[in-house]
Amino acid sequence: MKVKTRFAPSPTGSLHVGSLRTALYSYLYAKRHEGIFMLRIEDTDQKRYVEGSVESLQNSLKFFGLDWDEGPYFQSHRSTIYTKYVEELLANGHAYKCYCTPERLEKMRNDQAEKKQAPKYDRLCLNNQDQEGTFVIRQLIPDENVLFHDEIRGEMSFHGKDIDDQVLMKSDGLPTYHLANVVDDHEMEVTHVIRGEEWLPSTPKHLWLYKAFGWTAPSFAHLPLLLNPDKTKLSKRQGDVAAEDYIKKGYLKEAMINFIAFLGWNPGGEKEIYTIDELIAEFSFEKVQKAGAVFGLEKLDWLNGLYIRKKTPAELLELMTLDWTPDLKYVACVQTRMKTLVDGPVMLEMFKSDELAYNLQLFNHEKMKVDKATAILAIENSIPALENLEDWSSEDSIKEALTAVIAKLGVKNGQVLWPLRVALSNEEFSPGVFELMVVLGKEKSLKRLKSALNFLQS
Ligand code: GLU
């Protein structure tokens, strides 16, 4: 049978990083086995629907290169199918109508809580099926054990006595997640259900539904939880959880995919940098861990830096949002220091114009013993030395010329180099003087030094 996986998000917001991992693993597994990756929108819960999220989920998947081969299917378009199947369950005694009012259910739950019992429907309606009024349809959970093999967690066992009679169809005639999910996975011939660990308690209910219908259940793989660095469940409170937030912050999609792939999966060995094709070639459930995976941003930052440096300056420029077009040598200069794509425009700012709006504060550096007078002295003496310098092609020759200036003035390196660097960049942090001079070239460098001198002397 051809492998088919699916990603089945509910349209309740933008793509969560945990869902991105579920989608990625489902994609990788399908591609690894030359199978099909399908997209299904589980939109039967109208109350939780968030406007625009269907589009946003699809755009995010496409952005990350997780193109689906089939779908999207929408559960909201398939309600007649679910009605047909729930009637079959009613007829076979695997489901029953429940007419209990919300008030009665609340009272029942409160009584149970008082007696320290687990909340569970007491089956009041089971033997009274022909009542008047609105009803929901509940699954009759059998009083038996269910065993299954999870691809990641191994042998699992649940007993019906611990499980509530799940609502399969609400009073509005729409199916719940449990019914729609099972019917669709069967009808759509899904072979592997890959989803987060939070769905594990639902799996026995699903397996009893497969059994009630006489269907073969798919294989299940429940992925480990994503954790904050303090080992609590990954939450908004401790940082961003929407995949698109990371893109806005300037992370590259290749870095994100590489990072997300390693949240709970590790093929072993030293290699940590994987293209999507390499991930496809390596991916297997055996290498997915059971324990929760920590969402560690240092690792993402590190990977992002590597991927930024792998780009050519032209590719990198393409990825940045800028209102001017810098020379590629300037892009190359900042590329080695960029942590994210949003750093680029900020770091490139100093190359935008030779008319820098200097700030006296930046020239002053108490620790290095630089004040206005030393800064003037340093720049005044450097200009003629640099004007006489023929070979501007390497940092070495510039360094030699400036070392001579420092020796002549009998001052510390920083007393010359700090004011020069500020004159060239007008930034607190920037590449060093020699590198900046090579990148800017002789003409621009001298122009900047002269205008800084003018500024300091006025
Ligand atoms: N609609 C569910 C979700 O939002 C799908 C769970 C599953 O994959 O079975 O995660």
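Refer to the structure printed above.
Residues numbered from 1 in each chain as written. Predicted model: local features only at pLDDT ≥ 70, side-chain atom pairs only at ≥ 80, totals over all residues. Heavy atoms only, no water.

**A few points about the overall build of the protein chain**
Logical step 1: Counting its secondary structure elements, the protein chain contains 18 helices and 12 strands.
Logical step 2: Compactness check: the protein chain gives a C-alpha radius of gyration of 32 Å against a globular reference of 23 Å for 458 residues, more than 25% above the reference.
Logical step 3: In terms of overall dimensions, the protein chain has a C-alpha envelope of 105 × 50 × 35 Å along the principal axes.
Logical step 4: At a minimum sequence separation of 6, the contacts of the protein chain that also span at least 24 residues come to 74%.
Logical step 5: Computed over 57 positive and 67 negative side-chain charges, the separation of the two mean positions in the protein chain equals 3 Å. (Helix = DSSP H or I, 4+ residues; strand = E, 2+ residues; numbered from the N terminus. Rg over C-alpha atoms; globule rule 2.2 N^0.38 Å. Contact = heavy atoms within 4.5 Å. Lys, Arg positive; Asp, Glu negative; His and termini not counted. Charge placed at Lys NZ, Arg CZ, Asp CG, Glu CD.)

**Section: helix 13 (residues 343-352)**
Logical step 1: Here helix 13 has its buried residues at Gly344, Pro345, Leu348, Met350 and Phe351.
Logical step 2: Considering only its buried residues, helix 13 is in contact with helix 12 (328-335), helix 17 (413-425) and helix 18 (433-457). (Buried < 20%, exposed > 50% of the residue type's maximum accessible area, 1.4 Å probe, protein only.)

**Section: the site of the ligand**
Logical step 1: Taken together, the neighbourhood of the ligand is formed by Arg6, Ala8, Ser10, Glu42, Tyr177, Asn181, Arg195 and Trp199.
Logical step 2: Here Ala8 contributes a backbone N or O atom positioned 2.8 Å from a nitrogen atom of the ligand.
Logical step 3: Between the ligand and the protein, one listed contact pairs an oxygen atom with a side-chain N or O atom of Tyr177 at 2.7 Å.
Logical step 4: Protein chains bury 83% of the 300 Å² of accessible surface belonging to the ligand in isolation.
Logical step 5: Its residues assigned to classes, the shell around the ligand shows 3 nonpolar, 2 polar and 3 charged. (Near = heavy atom within 4 Å. Polar contact = N/O pair within 3.5 Å; in protein donor to acceptor, adjacent residues only side chain to side chain. Areas by Shrake-Rupley, 256 points an atom, 1.4 Å probe, with all protein chains shown as cover. Nonpolar A, V, L, I, M, F, W, Y, C, P; charged D, E, K, R; others polar.)

**Observations regarding the pattern of salt bridges**
Logical step 1: Inspection of every chain in the model, using the stated rule, returns 25 salt bridges.
Logical step 2: Between Lys31 and Asp69 there is a salt bridge, with the nearest N and O atoms lying 3.1 Å from each other. Note that Lys31 is positioned in helix 1 (residues 17-32) and Asp69 in the loop between helix 2 (53-63) and strand 3 (70-74), a separation of 38 residues in sequence.
Logical step 3: Taking the shortest distance from any N to any O, the salt bridge between Lys161 and Asp162 comes out at 3.8 Å. The burial state of Lys161 is the same as that of Asp162; both residues are exposed.
Logical step 4: Among the charged side chains, a network of salt bridges with common partners joins Arg6, Arg40, Glu42, Arg78, Asp184, Asp185 and Glu187. (Salt bridge = Lys/Arg side-chain N within 4 Å of Asp/Glu carboxyl O.)

**Quick look at the nonpolar core**
Logical step 1: Formed by 101 residues in total, the largest nonpolar core has its most connected members in Phe351, Ile379, Met437 and Leu449.
Logical step 2: Among all residues touching Leu449, those that are not within four sequence positions of it are Ile379, Ile383, Leu386, Leu420, Ala423, Leu424 and Met437.
Logical step 3: Counting 31 residues, the second largest nonpolar core, distinct from the first, contains Met38, Ile141, Met169 and Leu200. (Core = buried A, V, L, I, M, F, W, Y, C linked by side-chain atoms within 4.5 Å.)

**Quick look at the packing of aromatic side chains**
Logical step 1: All told, the structure shown has 25 aromatic pairs when counted by the stated rule.
Logical step 2: Where Tyr85 meets Phe213, the ring centres are 5.4 Å apart and the plane angle is 80°; that geometry is what we call edge-to-face. Taken together, the residues Tyr85 in helix 3 (residues 79-92) and Phe213 in helix 6 (residues 203-213) connect sequence positions 128 residues apart.
Logical step 3: Classification of Phe213 as buried rests on a relative accessible area of 9%.
Logical step 4: A cation over a ring is seen here: Lys249 above Tyr246, with NZ or CZ 5.8 Å from the ring centre.
Logical step 5: Its end group placed over the ring of Tyr274, Lys271 keeps NZ or CZ at 4.8 Å from the ring centre. (Phe/Tyr/Trp six-rings, centres within 6.5 Å; stacked < 30°, edge-to-face > 60°. Lys NZ or Arg CZ within 6 Å of the ring centre and 35° of its normal.)

**Description of the packing of helix 1 against helix 8 (residues 253-261)**
Logical step 1: Relative orientation of the contacting elements helix 1 and helix 8 amounts to 85°, with a least axis distance of 10 Å. Classified by the angle between their axes, helix 1 and helix 8 sit roughly perpendicular to one another. Packed against helix 1, whose contacting residues are Val17, Leu20, Arg21, Leu24 and Tyr25, the element helix 8 presents Met256, Ile257, Ile260 and Ala261 at the interface.
Logical step 2: Its residues assigned to classes, the contact of helix 1 with helix 8 comprises 8 nonpolar, no polar and 1 charged. (Axes fitted to C-alpha atoms, helices over the stretch in contact; angles between N-to-C directions. Parallel < 35°, antiparallel > 145°, perpendicular 65-115°, else oblique.)

**Considering the environment of Tyr177**
Logical step 1: Mapping Tyr177 onto the fold places it in helix 5 (residues 177-187).
Logical step 2: Residue classification places Tyr177 among the buried positions, given a relative accessible area of 18%.
Logical step 3: C-alpha of Tyr177 to C-alpha of Asp43: the two residues are 134 residues apart in sequence and 8.9 Å apart in space.
Logical step 4: Residues contacting Tyr177, with those up to four places away along its chain left out, are Glu42, Thr44, Arg195, Trp199, Ser202 and His206.
Logical step 5: A distance of 3.0 Å separates the side chain of Tyr177 from the side chain of Arg195, its partner in a polar contact.

**Notes on the state of the cysteines**
Logical step 1: Across all of its chains, the model carries 0 disulfides by this definition.
Logical step 2: Take Cys100: it sits in no disulfide, and the sulfur closest to it among the cysteines is that of Cys125, at 3.6 Å.
Logical step 3: Cys100 gets classed as buried once you look at its relative accessible area, which sits at 15%. (Disulfide = S-S within 2.5 Å.)

**Structural notes on unusual backbone geometry**
Logical step 1: Residue Pro72 follows Gly71 across a cis peptide bond; omega there is 0°.
Logical step 2: With respect to the helices, strands and loops of the structure, Pro72 is situated in strand 3.
Logical step 3: The backbone of Lys116 sits at a positive phi, close to 55°, despite the residue not being glycine.
Logical step 4: For Asn426, which is not a glycine, the phi torsion comes out positive at approximately 55°.

**Looking at the sheet that holds strand 8 (residues 167-169)**
Logical step 1: Ordered by their spatial adjacency, 3 strands build an open sheet running 4-5-8, and the pairing between neighbours is antiparallel. A single partner strand is all that each edge strand has here, and the edge strands are strand 4 (95-98) and strand 8. When strand polarity is set aside, the average angle formed by the axes of neighbouring strands in this sheet is 45°.
Logical step 2: Examined bridge by bridge, strand 4 and strand 5 (residues 136-139) share 4 bridges and lie antiparallel to one another. Paired with Tyr96 across the two strands is Arg138, which belongs to strand 5.
Logical step 3: The sheet contacts of helix 3 involve strand 4, strand 5 and strand 8, and relative to strand 8 the element is tilted by about 130°. (Pairing = 2+ DSSP bridges.)

Keep in mind that these numbers describe shape and distance, not what the molecule does.
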